[in-house]
Structures are given as C-alpha cells and as structure tokens.
Amino acid sequence: NPGNSGGPLINLDGEVVGMNTAILSPSGASAGIGFAIPINMVKYVVDELRDHGAVTRGYLGISIQQLTPELARYFGLDQSRGILVAEVSPNSPAARAGLKRDDVIVEIDGRPVGESGAFRSHISTTPPGTEVTLTVLRNGKRIEKDVRVGTLPQPERQARRTDGGGSDIEDAGLKGKIGVGVQPLTSELAAQLGLDENESGLLVTQVVPGSPAARAGLRPGAVIKEVNRRPVEDIDSLRQALKEDSRNNTALLLVREREGIRYVAVDLA
C-alpha cells in the first residue's frame, strides 16, 4: 500500500521475511502484485553499512545465464541444469582462475547450482578474498576451478536506451528467416548505447512480433556480435553464418544488451 515501502513483510508465524519495496497495481490501491527484498539480503546490506559504511559486493568477472534446453542441445550437452558463462572479463578473478566462455557451471563448493539469479546473489554476498570452488562442464568434461572472489568495481558509465534509428535498416531476407532488421554498429551508435567506440557487431533495429527472434527474447537495441560462434560485422557474414553453421535448426547468437552479454538460441524450424 502507499507508504508501506521500507516496512516489514511478515509471514503467518510473525517472522519478518522481507522488506516491502513496491506494488504493481492497476488502481494504485491495495490490489495487484507486491514486491519485497528478501530478509537475508536486507540483513547483509545492514551489516555492511553498519560495519563498513558501504556495501561491498563479491565479483567473479563473468556474464552468466541460465542453461536452457535449447542451449544445451546446441552445445551437445545431455542436461539442461547449470549456468552458462557467456563472457569472461579480462584480468578478472574468473579469468585468472582459468574460466572460459562456454563453460557451464554445475556446482559451487560441491553443491549443485540453482538458477542464475540465486548464483549471482550468492557471489555478490560472498566477502571479497573468499575462495570458492566451481565445478564446470567444458567440452563434455567435468573440471574444478578455484576462484578467489574479488570486489565488484564501480560502474564507469550507464548504457542509454536507443532505438538505433531505422533509416538504414538492412533486411536481406532476415525478417523472413529469423524476424529481425539490423544495421552495422557505427561509433556514433555505440556511443548512444554506452559502448566502447570500437565495439563491433550488428545493431538490432526491429524484431518482428511472433518471429523466432521474438520468441527467443531478442529485443531492439541488442548488438549481435556472433552467430553460430562466428563474428559478424555486416549483413553478408550474418547471412552466411546462418546458412552454414546452424545446428539442429538452431542459430546461436551472442548478443550484447544493457544488462550484459548473453547467448540467444533462435529456433529456425
């Protein structure tokens, strides 16, 4: 309800299980969906502020996403449980420990991983300097990597939304095949997106509703960097990669969005 933000969320046993933050309501009154921060996260933040005056978050230096059945099929895995590493930042704790892109994390300190959000929260609340053991699948083999958790660096800038224009959209049959319109990423567009001016790829300017790309969650403003593990910088390289290297009627796209970099499996059947 209005004014309830910051107040306790209490269960039927009288225990505080969260801190209320917002409500999504069609009327603005007490009807709709309420949102709350879990109490364990609240306690962690309170302790950090009281003891250190600021919140310090753990950091590995990887971009992760949930391993889906579609991604598992593309990578030739016989399971869809795990967390896929889409990017490893240079000189990060993960890079120093030897983690690589396309590794699938299946355990942390001997315990099976759940969904990617829970894994991310676990790492962020792990004190910097703590060593964790990650069990990963790499080329079908299980290996262990000991990683010393670092400190999350402060962001230097925030990406801004952009529709990427639309006057120079290139189609070349892609709207009919996967349902996107794209254009080369220029330094000006990269600046609008908050990216490095040397960033390469194709900017998604349109996504056809109901298309394979839309069903896979691709959105305008994403930058397609690779298709089927091949870098793409122009429409010809994108079309060629789709033609030659798609597996099981699935195209694997590596895309950069506001939230980071991730894989998108697009069903071409």
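Quick note: structure is the one above.
This section reports on the structure supplied with the text. (Residues numbered from 1 in each chain as written. Predicted model: local features only at pLDDT ≥ 70, side-chain atom pairs only at ≥ 80, totals over all residues. Heavy atoms only, no water.)

### Looking at helix H4 (residues 116-124)
Here comes step 1: Residues of H4 that are buried: Ser116, Phe119, Ile123 and Ser124. In an axial view of H4, the angular spread of the buried residues amounts to 130°, which keeps them on one side of the axis.
Here comes step 2: Against the buried residues of H4 lie helix H1 (39-52), strand S4 (58-59), strand S5 (62-66), strand S6 (83-88), strand S7 (104-108) and strand S9 (131-138).
Here comes step 3: Measuring from the backbone nitrogen of Gly117 back to the side-chain oxygen at the start of H4 gives 2.8 Å, which picks out Glu115 as the cap. (Buried < 20%, exposed > 50% of the residue type's maximum accessible area, 1.4 Å probe, protein only. Helix = DSSP H or I, 4+ residues; strand = E, 2+ residues; numbered from the N terminus. Arc of directions from axis to C-beta. Contact = heavy atoms within 4.5 Å. Polar contact = N/O pair within 3.5 Å; in protein donor to acceptor, adjacent residues only side chain to side chain.)

### A closer look at the packing of aromatic side chains
Here comes step 1: For the structure shown, the criterion picks out 2 aromatic pairs.
Here comes step 2: Residues Tyr74 and Phe75 carry aromatic rings whose centres are separated by 5.7 Å and whose planes lie at 80° to one another, so their mutual orientation is edge-to-face.
Here comes step 3: A residue is classified by how much of its surface remains accessible, and Phe75, at 18% relative accessible area, is buried.
Here comes step 4: Note on Phe75 and Tyr263: the rings are 5.7 Å apart at their centroids and 75° apart in plane angle, and the pair reads as edge-to-face. Taken as a pair, Phe75 in the loop between helix H2 (69-74) and S6 and Tyr263 in strand S17 (residues 260-267) lie far apart in primary sequence, 188 residues in all. By the burial criterion, Phe75 is buried, and Tyr263 matches it. (Phe/Tyr/Trp six-rings, centres within 6.5 Å; stacked < 30°, edge-to-face > 60°.)

### Digging into the pattern of salt bridges
Here comes step 1: Taken as a whole and judged by the stated rule, the model has 13 salt bridges.
Here comes step 2: Ionic pairing is found between Arg50 and Asp51, a salt bridge with its closest N-O pair at 3.3 Å.
Here comes step 3: Among the residues examined, Arg50 registers a relative accessible area of 57% and is labelled exposed.
Here comes step 4: For Asp102, the salt bridge identified is with Arg229, shortest N-O distance 2.2 Å. In this pair, Asp102 sits in the loop between helix H3 (93-97) and S7 while Arg229 sits in the loop between strand S14 (223-227) and strand S15 (230-231), placing the two residues 127 residues apart along the sequence.
Here comes step 5: A network of salt bridges, in which partner residues are shared, links Glu87, Glu199, Lys225 and Arg256. (Salt bridge = Lys/Arg side-chain N within 4 Å of Asp/Glu carboxyl O.)

### Things to note about the pairing of strand S12 (residues 180-184)
Here comes step 1: Within S12, 4 of the 5 residues are buried, which leaves it mostly tucked inside the rest of the structure.
Here comes step 2: Pairing analysis gives 5 bridges linking S12 to strand S13 (residues 202-207), with the strands arranged antiparallel. In the sheet register, Pro184 faces S13, and the bridge partner there is Leu202. (Pairing = 2+ DSSP bridges.)

### Considering H1
Here comes step 1: Here H1 is 14 residues long and its end C-alpha atoms lie 20 Å apart, about the 20 Å a rise of 1.5 Å per residue gives.
Here comes step 2: All of the buried residues in H1 are Val42, Tyr44 and Glu48. Across the axial projection of H1, the buried residues extend over an arc of 165°, all falling on one side.
Here comes step 3: Tucked into the core, H1 has its buried residues touching strand S2 (16-24), strand S3 (33-38) and H4.
Here comes step 4: A positive phi of about 80° marks Gly53, the residue just after H1. (Expected span 1.5 Å × (residues − 1).)

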